[in-house]
Amino acid sequence: MKFKNVAAAGALAITAAIVLSSCAGGGSTDAGSTSTPTETTPAVDYSSLAGTITAGGSSAQANAQAAWITAFTAQAKGVTINYDKSQGSGGGVTNWLAGSYDFAGSDSPLKDDQQASSQTICGAGGGLNLPVYLDGVAIIYNLPGVDSLQLSSATLAKIFSMQITTWNDPAIAADNPDATLPATAITTVTRSDGSGTTQNFTNYLSAVQPSIWTNAPSNAWPIAGSSAQQGGSGVVNTVKAGEGTIGYADHSAIGDLTAAAIQVGTGTDFVEFSQEGATNAFTAASTTVDTGVDGDLAQVIDYTAITEADAYPIPLISYAILCTEFSDATQADLTKSYIGFVASDAGQQIASKNAGSAPIPADMLSQIQDSLALIG
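Source: prediction; values computed, not measured. Each chain carries its own residue numbering, running from 1 in the written order of its sequence. Note on the predicted model: pLDDT of at least 70 is required for a residue's local features to be given, and 80 or more for side-chain atom pairs to be given and counted; whole-chain, interface and lining totals, by contrast, use all residues. The basis for the side-chain values is all heavy atoms of the structure; hydrogens and waters are excluded.

J.: Explain the packing of aromatic side chains here, please?
T.: Two rings from Phe, Tyr or Trp (for Trp, the six-membered ring) form a pair when their centres are within 6.5 Å of each other. A pair whose planes differ by under 30 degrees is stacked, one over 60 is edge-to-face, and the rest are tilted. The tally for this structure, following the rule as stated, stands at 16 aromatic pairs. With a centroid separation of 6.3 Å and an interplanar angle of 45°, the aromatic rings of tyrosine 141 and tryptophan 167 are classed as tilted. Of this pair, tyrosine 141 sits in strand 4 (residues 127-142) while tryptophan 167 sits in the loop between helix 5 (153-160) and helix 6 (170-175), and the two are 26 residues apart along the sequence. We classify tyrosine 141 as buried; its relative accessible area is 3%. Categorising residues by exposure relies on relative accessible area from a 1.4 Å probe, with only protein chains included: less than 20% of the type maximum marks a residue as buried, more than 50% marks it as exposed, and the intermediate range marks it as partly exposed. We classify tryptophan 167 as buried; its relative accessible area is 0%. Taken together, a centroid distance of 5.4 Å and an interplanar angle of 50° make the contact between tryptophan 213 and tryptophan 221 tilted. Take tryptophan 213 and tryptophan 221: they sit in the same class, and that class is buried. Members of the aromatic cluster, each reached through a chain of ring pairs, are Tyr46, Phe72, Tyr83, Phe103, Tyr338 and Phe341. Labels follow the DSSP assignment, with helices taken as runs of H or I lasting at least four residues and strands as runs of E lasting at least two, numbered in each case from the N terminus.

What follows is the structure in structure tokens.
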């Protein structure tokens, strides 16, 4: 399955202006709609904002952040937003904990030790995990002559644990009875950096195939011998350049590469990524974790609950992580305004149209706005 990622800059600017103008002016968040704004569209005078937001982290969010920043600063002309995707989720959280970022983008919520550390910069309340971006972990491959591929969860676990090493292995053939598979050696392409995409993918493998994938879930790839690459773009470029390769990346980043359809549950359905499929998976399998932090919206996914053919089996939830208490009130208001836009109907429309991500469900967007209101 192929997906075109990012619209032309001119189209993006027009979309941004239309959507944000309607949002700021109290009208519809859809240029073609006459409906009134919902509670998830905050009323903000963007033109009154000024300052710089410094952030970074998740490379999965990169295309969405580019679209959000363009849209937001088209109205908030006094605001500069710098988002660095180069270090991935792990580096983003590290820099945020060091006080270098106003917020971190991360494809996994704060771990217990990170939440404890966040009190150093955020006060006793610590940090908030707000799920602002929803997509899927795409399994991308480069195998000339094979234009479509189906992979069961068991086959996928065996490939990435290097128990299956050639493309004509009987397990892959069984998943693809109508395909002619070459004897080409398989090269798995993985992340070398601390990656939330890796965390999500290994969470999935551990949950659905624990007897095959015996490694603990981690943001660091646990198996030696793969082609390890920096960032999601490194994985995508390496798969694109090498025949016989297979890797994983956020779907918004895969460009014109082909992604496999993945078995859903234990049945016979194989599901390609779609925006609707990611949203359906979120609805079916995601619940809020009680972290003890007021307003925190960290999610846990029960992958075994994704059993219907209308849901994509490997959803990816990515977060904006920010303090419950800022040391600078002006910076707090500025950051809250931007994240509030990201987590609005308008922001989710722009990410969907320009990065191919799935809209966060409206009830969760409403909860995010409530959480932002708690930040001091």
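J.: Any chance you could explain unusual backbone geometry here in plain terms?
T.: The general pattern is negative phi for most residues beyond glycine and trans for most peptide bonds. Within the chain, methionine 162 stands out as a residue other than glycine whose phi angle is a positive 65°. With respect to the element layout, methionine 162 can be found in the loop between helix 5 and helix 6.

J.: I'm lost on the confidence of the model for the protein chain in this one. Help?
T.: On average, residues of the protein chain carry a pLDDT of 90, and 89% of them reach 70 or more. For every residue, the predictor states its confidence as a pLDDT score lying anywhere from 0 to 100. Residue contacts are counted whenever heavy atoms from the two residues lie within 4.5 Å of one another. Confidence drops under pLDDT 50 across residues 1-18; counting only partners more than four residues distant or on other chains, this segment forms 37 contacts. Overall, residues 20-39 carries pLDDT values under 50, and its contacts beyond four positions in sequence, including any with other chains, amount to 32 contacts.

J.: Mind showing me how you'd approach the pairing of strand 3 (residues 103-106) here?
T.: Here is the key point about a regular strand: its side chains alternate between the two faces of the sheet. Neither face of strand 3 is left uncovered, since the one carrying Phe103 and Gly105 and the one carrying Ala104 and Ser106 both have all their residues buried. When DSSP finds at least two bridges between two strands, those strands are taken to pair. Of the pairings in the sheet, the one linking strand 1 (residues 50-57) to strand 3 comprises three bridges and is parallel in character. Of the residues in strand 3, the one forming a bridge with alanine 55 is phenylalanine 103. Of the pairings in the sheet, the one linking strand 3 to strand 14 (residues 315-323) comprises three bridges and is antiparallel in character.

J.: Sorry, what's going on with the packing of helix 3 (residues 88-97) against helix 4 (residues 112-122) here?
T.: Angle between the axes and distance between the axes are the two parameters that describe a pair of packed helices. Simply put, an axis is a line fit to the C-alpha atoms, just over the touching stretch for a helix, and the angle between two N-to-C directions goes from 0 to 180 degrees. Running from N to C, helix 3 and helix 4 point in directions that differ by 40°, and their axes come no closer than 9 Å. With respect to their mutual orientation, helix 3 and helix 4 come out oblique. On the side of helix 3, the interface is formed by Val93, Trp96 and Leu97, while helix 4 contributes Gln114, Ser117, Ser118, Ile121 and Cys122. For the contact of helix 3 with helix 4, a count of residues per class yields five nonpolar, three polar and no charged. Roughly parallel covers angles under 35 degrees, roughly antiparallel covers those over 145, roughly perpendicular covers 65 to 115, and oblique covers all other angles. When residues are grouped by polarity, Ala, Val, Leu, Ile, Met, Phe, Trp, Tyr, Cys and Pro land in nonpolar, Asp, Glu, Lys and Arg in charged, and all others, Gly among them, in polar.

J.: Sorry if this is basic, but what is going on with the sheet that holds strand 5 (residues 150-151) here?
T.: Strand pairs in the sheet, formed through backbone hydrogen bonds, run parallel or antiparallel to each other. Taken together, three strands build an open sheet; the order of strands is 5-10-11 and the sheet is mixed. For this open sheet the edge positions go to strand 5 and strand 11 (270-271), each flanked by a neighbour on one side alone. Across two bridges, strand 10 (residues 261-263) lies against strand 11 in antiparallel orientation. Paired with isoleucine 262 across the two strands is valine 271, which belongs to strand 11.

J.: Sorry, what's going on with the nonpolar core here?
T.: Generally speaking, soluble globular proteins have nonpolar side chains that are buried together. Core analysis: the largest hydrophobic core is formed by 95 residues, its most contacted members being Ile139, Leu156, Phe160, Phe201 and Tyr338. The element that contributes the greatest number of residues to this core is strand 4, accounting for eight residues. Within the second largest apolar cluster, ten residues are counted, among which are Ile140, Val235, Val239 and Ala249. Nonpolar core, defined: a set of buried Ala, Val, Leu, Ile, Met, Phe, Trp, Tyr and Cys residues in which side-chain atoms within 4.5 Å join the residues together.

J.: Teacher, can you tell me more about the environment of serine 48 here?
T.: In this fold, serine 48 is placed in the loop between helix 1 (9-24) and strand 1. Judged by relative accessible area, which is 53%, serine 48 ranks as exposed. In sequence terms serine 48 and alanine 76 are 28 residues apart; their C-alpha atoms lie 7.1 Å from each other. Among the polar contacts made by the side chain of serine 48, one reaches the main-chain carbonyl oxygen of aspartate 45 at a distance of 2.8 Å. Between N or O atoms, a polar contact is any pair within 3.5 Å; within protein, one atom must be a potential hydrogen donor and the other a potential acceptor, and residues adjacent in sequence are included only when both atoms are from side chains.

J.: Sorry if this is basic, but what is going on with the side chain of serine 108 here?
T.: Note that serine 108 resides in the loop between strand 3 and helix 4. When its relative accessible area of 13% is taken as the criterion, serine 108 is described as buried. If we ignore the near neighbours within four places in the chain, the residues touching serine 108 are Gln199, Tyr319 and Ile321.

J.: Teacher, can you tell me more about the state of the cysteines here?
T.: One covalent bond between the sulfur atoms of two cysteine residues makes up a disulfide. Throughout, a disulfide means two cysteine sulfur atoms within 2.5 Å of one another. Enumeration according to the criterion identifies one disulfide in this entry. Across the disulfide, cysteine 122 is cross-linked to cysteine 323 (sulfur-sulfur distance 2.0 Å). Taking the sign of the torsion about the S-S bond as the criterion, the disulfide between cysteine 122 and cysteine 323, at about -65°, is left-handed. Of this pair, cysteine 122 sits in helix 4 while cysteine 323 sits in strand 14, and the two are 201 residues apart along the sequence.

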